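So the chains spell out like this:
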Amino acid sequence: MKKLLFWLLSVAALSTSCKQNADVLPGGHVDTQAVGKWMYGSFAMADFWSYDGTYQGKPFELAVVFDFKANGTYEKYFVASTNDYSNCRTQAFTYEKGSVNFNEADGSFTTTPTEGHYRGFYACAPSKNIDRKMERSELKAQTYYYTLQTGSSGKPTIVVRFNRGDTNVSTFLPTTW
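Residues numbered from 1 in each chain as written. Predicted model: local features only at pLDDT ≥ 70, side-chain atom pairs only at ≥ 80, totals over all residues. Heavy atoms only, no water.

### What about the overall build of the chain?
On a plain count of helices and strands, the chain comes out with 1 helix and 11 strands. Counting over 177 residues, the chain shows a buried share of 29%. Within the chain, contacts between residues separated by at least 24 positions form 47% of all contacts whose residues are at least 6 apart in sequence. As displayed, the chain offers around 11800 Å² of accessible surface, 57% of which is attributable to carbon and sulfur atoms. (Helix = DSSP H or I, 4+ residues; strand = E, 2+ residues; numbered from the N terminus. Buried < 20%, exposed > 50% of the residue type's maximum accessible area, 1.4 Å probe, protein only. Contact = heavy atoms within 4.5 Å. Areas by Shrake-Rupley, 256 points an atom, 1.4 Å probe, with all protein chains shown as cover.)

Have a look at this one:
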């Protein structure tokens, strides 16, 4: 009877610890020089003002942020917004998080999202607004190619390409918030 009770308690303890660990996000490997928040972005230097003098906003803004954590996880943010003279504002926001694996020898990193969210706002077409979690089919691994460099300002940068030989690059600078 003691053996049966011990066995049942052991199974209960193991199943509880396995259930708790199922919520823990498995991490990958991050190049130590890449740990931190990195942002690529552009924005308009111009502003839109209506004829009555009210501020309408920037005509265009775009930013992508990677937040690489030392435990091999990441968060990625994509923000875009446009505005026109008719005060039609369009905004998109995408968020994802999961594990990331850097391969320093290959000069690549692969993000594997485990959750994410989409939000879209259309001032002139509110019936098209969205605000939803990513579906499983949308959570796809993505491989990027990178080079860690020192920028012209003396600050570190991560130059990112979607394909190894691409000449079109995105330069990410360190950021905080």
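### Topic: the side chain of Asp67
With respect to the secondary-structure elements, Asp67 resides in strand 4 (residues 60-68). Within the structure, the side chain of Asp67 is placed 2.8 Å from the side chain of Lys69, a separation counted as a polar contact. Apart from residues lying up to four places away in sequence, Asp67 is in contact with Gly36, Lys37, Thr73, Tyr74 and Glu75. (Polar contact = N/O pair within 3.5 Å; in protein donor to acceptor, adjacent residues only side chain to side chain.)

### A look at the state of the cysteines
Cysteine pairs can be linked by a disulfide, which is a covalent bond between their two sulfur atoms. The final tally for this structure, using the stated rule, is 1 disulfide. Here Cys88 is linked by a disulfide to Cys124, with a sulfur-sulfur distance of 1.8 Å. Taking the torsion about the sulfur-sulfur bond, which here is approximately -95 degrees, the covalent link between Cys88 and Cys124 counts as left-handed. Note that Cys88 is positioned in the loop between strand 5 (73-83) and strand 6 (89-103) and Cys124 in the loop between strand 7 (108-122) and strand 8 (130-133), a separation of 36 residues in sequence. (Disulfide = S-S within 2.5 Å.)

### Examining the packing of aromatic side chains
Taken as a whole, this structure holds 14 aromatic pairs when the rule is applied. Considering the side-chain rings of Phe66 and Phe109, the 5.5 Å spacing of their centres and the 85 degrees angle between planes classify their relative orientation as edge-to-face. Of this pair, Phe66 sits in strand 4 while Phe109 sits in strand 7, and the two are 43 residues apart along the sequence. Assigned by exposure class, Phe66 and Phe109 land together as buried. (Phe/Tyr/Trp six-rings, centres within 6.5 Å; stacked < 30°, edge-to-face > 60°.)

### Quick word on the confidence of the model for the chain
When pLDDT is averaged across the chain, the result is 82; 81% of the residues are at 70 or more. Looking at the elements of the chain, mean pLDDT is at its lowest for helix 1 (residues 2-22), recorded as 35, and at its highest for strand 8, recorded as 97. Across residues 1-24 the pLDDT falls below 50, and counting only partners more than four positions away or on other chains, this stretch makes 0 contacts in the model. (pLDDT = per-residue confidence, 0-100.)

### Quick word on the pairing of strand 6
Pairing between strand 5 and strand 6: 11 bridges, direction antiparallel. Bridge pairing in strand 6 links Tyr74 to Gly98. The sheet contact formed by strand 6 and strand 7 spans 14 bridges and is antiparallel. Directly across from Tyr95, in strand 7, lies its bridge partner His117. (Pairing = 2+ DSSP bridges.)

### Some details on the nonpolar core
Formed by 15 residues in total, the largest nonpolar core has its most connected members in Phe66, Phe68, Val100, Phe102, Phe109, Ile158 and Phe172. Looking at this core, the elements that each hand over two or more residues are strand 4, strand 6, strand 9 (142-150) and strand 10 (156-161). Looking at which element gives the most residues to this core, the answer is strand 4, with 3 residues. (Core = buried A, V, L, I, M, F, W, Y, C linked by side-chain atoms within 4.5 Å.)

### Regarding the environment of Pro156
With respect to the helices, strands and loops of the structure, Pro156 is situated in strand 10. The class of Pro156 is partly exposed, set by a relative accessible area of 42%. Here the alpha-carbon distance between Pro156 and Trp38, two residues 118 residues apart in the chain, equals 9.9 Å. Residues contacting Pro156, with those up to four places away along its chain left out, are Trp38, Gln149, Thr150, Phe172, Leu173 and Pro174.

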